[in-house]
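Architecture and fold: a report
So the chains spell out like this:
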Amino acid sequence: MTKRVFSGFKPTGHLTLGNLLGAIMPAVRLQDEADCVYAVADLHALTVKHDPERLRARTREAATLLLACGLDRSLLYVQSRVPAHTELAYLLESTAYFGEMRRMIQFKEKSANQEEVRLSLLTYPALMAADILLHRADLVPVGDDQRQHVELTRDLAQRFNRLYGEVFVVPEAVHPQNAAKIMDLTTPESKMGKSDGSAAGTIYLLDPPAEVRRKVMRAVTDSGTEVRYDPEDKPGVSNLLTLLAVCSGRPIGSLGHQTYGALKRETAEAVVETLRPIQERHAELSADPAELERVLEAGAVRASGRTVELMDSARRAIGVL
Ligand code: AMP
Ligand code: TRP
């Protein structure tokens, strides 16, 4: 049977090279073999302080970029336009325990340095579980940082099925072999991310070539000289090797010995070439905002239609229908 796939992308900031290599490219590849549904998860961006106008703009930008990256053979839509996500999230909040939510690593990290922690930051994994379970996804292409949330989704699906009857498909996360965790270029001990990483160490998909080269050339390495893949002892060099391998399509082992400078130059060019077609396509698509609106509207209508049966069974099982 054809597998079903779901993944989401939060428009908290501009999409990054980490998003591309860790989740978008695997999602693009899955289109050849599976029934794929992808969403811009705008409701997830409300879990931290946000600006409404900026969120609207970034949601459109993320949707345009996902299409430009090649997610144009899937059902693509914006999460908030399909109300079943929040409906199912409530049923799953009523299945989840406070204790397990509080223990989520991302909640602990993101709430640690904030005075006003939004309640939705705590309940967010129930919404993410709803995203996945709503579409009966078998596979969820995500980076390493989402591993625990997909585990929780599995737990909630199994608990609900046990308590109320078989309603949900229990999904599995799929992580890319090399690129599950792209690190920040200036602090290679932490993940490259919209909110986690530093601006200087994060490559955005719309960074112009000169900016990409500047960021890669200033990447932090170490005081040694040996080009060797060793994420423990040489996180900076290993991250550059990963970027070069994934962007050039060559295995890490084949990359040969070079100086740090040569490695950086080669990596910068490989990243620039990976981003070039995406940026060109993004420019074309941005010239026609009405077409984007049409795609997203049609996507939301189709996605809504596909959720009716599942929502019916979930409501019936839990006793509210
Ligand atoms: P987010 O931007 O947090 O919505 O993430 C969208 C997808 O990109 C998720 O599947 C993340 O796991 C993935 N992702 C985000 N940052 C990275 C990174 N630095 N390396 C690999 N995957 C990432
Ligand atoms: N929570 C994910 C992130 O922060 C984004 C996301 C939302 C997602 N819904 C999802 C990922 C469903 C996979 C499946 O990266």
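Residues numbered from 1 in each chain as written. Chains lettered and ligands numbered in written order. Predicted model: local features only at pLDDT ≥ 70, side-chain atom pairs only at ≥ 80, totals over all residues. Heavy atoms only, no water.

Here we look at the overall build of the protein chain
Within the protein chain one finds eleven helices and five strands. In terms of C-alpha radius of gyration, the protein chain reaches 20 Å, essentially the compact-globule figure of 20 Å for 321 residues. Considering only C-alpha atoms, the protein chain reaches an extent of 65 × 45 × 45 Å along its principal axes. Sequence-distant contacts, at least 24 apart, represent 76% of the contacts inside the protein chain between residues at least 6 apart. Accessible surface computed for the protein chain: about 15,100 Å², of which carbon and sulfur atoms make up 52%. The averaged location of the 43 negative side-chain charges in the protein chain is 1 Å from the averaged location of its 40 positive side-chain charges. (Helix = DSSP H or I, 4+ residues; strand = E, 2+ residues; numbered from the N terminus. Rg over C-alpha atoms; globule rule 2.2 N^0.38 Å. Contact = heavy atoms within 4.5 Å. Areas by Shrake-Rupley, 256 points an atom, 1.4 Å probe, with all protein chains shown as cover. Lys, Arg positive; Asp, Glu negative; His and termini not counted. Charge placed at Lys NZ, Arg CZ, Asp CG, Glu CD.)

Digging into helix 10 (residues 260-286)
The first and last C-alpha atoms of helix 10 sit 37 Å apart over 27 residues, in line with the 39 Å expected at 1.5 Å per residue. Remark: the principal bend of helix 10, roughly 30°, maps to arginine 276, with a proline, proline 277, within the next four residues. (Expected span 1.5 Å × (residues − 1). Bend = angle between axes of the 7 residues up to and from the residue.)

Section: unusual backbone geometry
We note that arginine 136 has phi near 45°; this positive angle belongs to a residue other than glycine. Assignment of secondary structure puts arginine 136 in the loop between helix 6 (119-134) and strand 4 (139-141). For arginine 136, a relative accessible area of 27% translates into the label partly exposed. (Buried < 20%, exposed > 50% of the residue type's maximum accessible area, 1.4 Å probe, protein only.)

Observations regarding the site of ligand 2
Around ligand 2 sit 13 residues, and of these Lys10, Tyr124, Met128, Asp131 and Gln146 come closest. At 2.9 Å, a side-chain N or O of lysine 10 approaches an oxygen atom of ligand 2. Side-chain polar atom of aspartate 131 to a nitrogen atom of ligand 2: 2.7 Å apart, as the coordinates give it. When ligand 2 is considered free in solution it has 360 Å² of accessible area, and contact with the protein chains removes 93% of it. In terms of residue count, helix 6 provides more of the shell around ligand 2 than any other element does, four residues in total. In the shell around ligand 2, the residues fall into seven nonpolar, four polar and two charged. (Near = heavy atom within 4 Å. Polar contact = N/O pair within 3.5 Å; in protein donor to acceptor, adjacent residues only side chain to side chain. Nonpolar A, V, L, I, M, F, W, Y, C, P; charged D, E, K, R; others polar.)

Topic: the site of ligand 1
Of all residues adjacent to ligand 1, which total 17 residues, the nearest are Lys10, Asp145, Ile182, Met192 and Lys194. Within the contact set of ligand 1, a nitrogen atom lies 3.3 Å away from a backbone nitrogen or oxygen of glycine 18. Considered on its own, ligand 1 offers 480 Å² of accessible surface; in the complex 94% of this is hidden by protein. Taken together, the residues of the shell around ligand 1 sort by class into seven nonpolar, five polar and five charged.

Quick notes on the packing of aromatic side chains
What describes a pair of aromatic rings is the distance from one ring centre to the other and the angle between the planes of the rings. For the structure shown, the criterion picks out two aromatic pairs. Ring geometry for phenylalanine 160 and tyrosine 164: centres 4.9 Å apart, planes at 65°, overall edge-to-face. Placement of the pair is phenylalanine 160 and tyrosine 164 together in helix 7 (residues 147-164), with a separation of four residues, close to one helical turn. Judged by relative accessible area, tyrosine 164 falls into the partly exposed class, the value being 32%. Measuring from ring centre to ring centre gives 4.7 Å for phenylalanine 160 and phenylalanine 168, while their planes differ by 55°; the resulting arrangement is tilted. Ring pairing ties together the aromatic residues Phe160, Tyr164 and Phe168, which thus form one cluster. (Phe/Tyr/Trp six-rings, centres within 6.5 Å; stacked < 30°, edge-to-face > 60°.)

Thoughts on the pattern of salt bridges
Scanning the entire structure with this criterion turns up 23 salt bridges. Measuring nitrogen to oxygen at the nearest pair gives 2.8 Å for the salt bridge that ties aspartate 32 to arginine 73. Here the residue aspartate 32 occupies a position in the loop between helix 1 (17-30) and strand 2 (35-40), and arginine 73 occupies one in the loop between helix 2 (52-69) and strand 3 (75-78), the gap between them amounting to 41 residues. Neither aspartate 32 nor arginine 73 differs from the other in exposure class; each is exposed. (Salt bridge = Lys/Arg side-chain N within 4 Å of Asp/Glu carboxyl O.)

As for helix 11 (residues 289-318)
Helix length check: helix 11 (30 residues) gives 42 Å between terminal C-alpha atoms against 44 Å at 1.5 Å per residue, within 8%. At valine 308, helix 11 is deflected by roughly 35°, the largest bend along its length. Those residues of helix 11 that fall on the buried side of the exposure criterion are Leu292, Leu296, Gly299, Ala300, Ala303, Thr307, Leu310, Met311 and Ala314. Just downstream of helix 11, glycine 319 is the residue with a positive phi angle, here 100°.

A word on the domain arrangement of the protein chain
Domain boundaries assigned for the protein chain yield domain 1 (4-179 + 288-318) and domain 2 (209-284). Placing a centre on the C-alpha atoms of domain 1 and another on those of domain 2 gives a separation of 30 Å. Taken together, the contact between domain 1 and domain 2 spans twelve residues of the former and eleven residues of the latter. A combined buried area of about 950 Å² lies between domain 1 and domain 2, and 81% of that area is made up of carbon and sulfur atoms. For domain 1, the biggest contributors to the area lost against domain 2 are Leu17, Ala68 and Asn178; these three give 44% of the whole. On the surface where domain 1 and domain 2 come into contact, there are zero salt bridges. For the interface between domain 1 and domain 2, the tally reads zero residue pairs in polar contact (both at pLDDT 80 or more). (Domains from an automatic or database assignment. Buried area = accessible area lost by both parts, 1.4 Å probe.)

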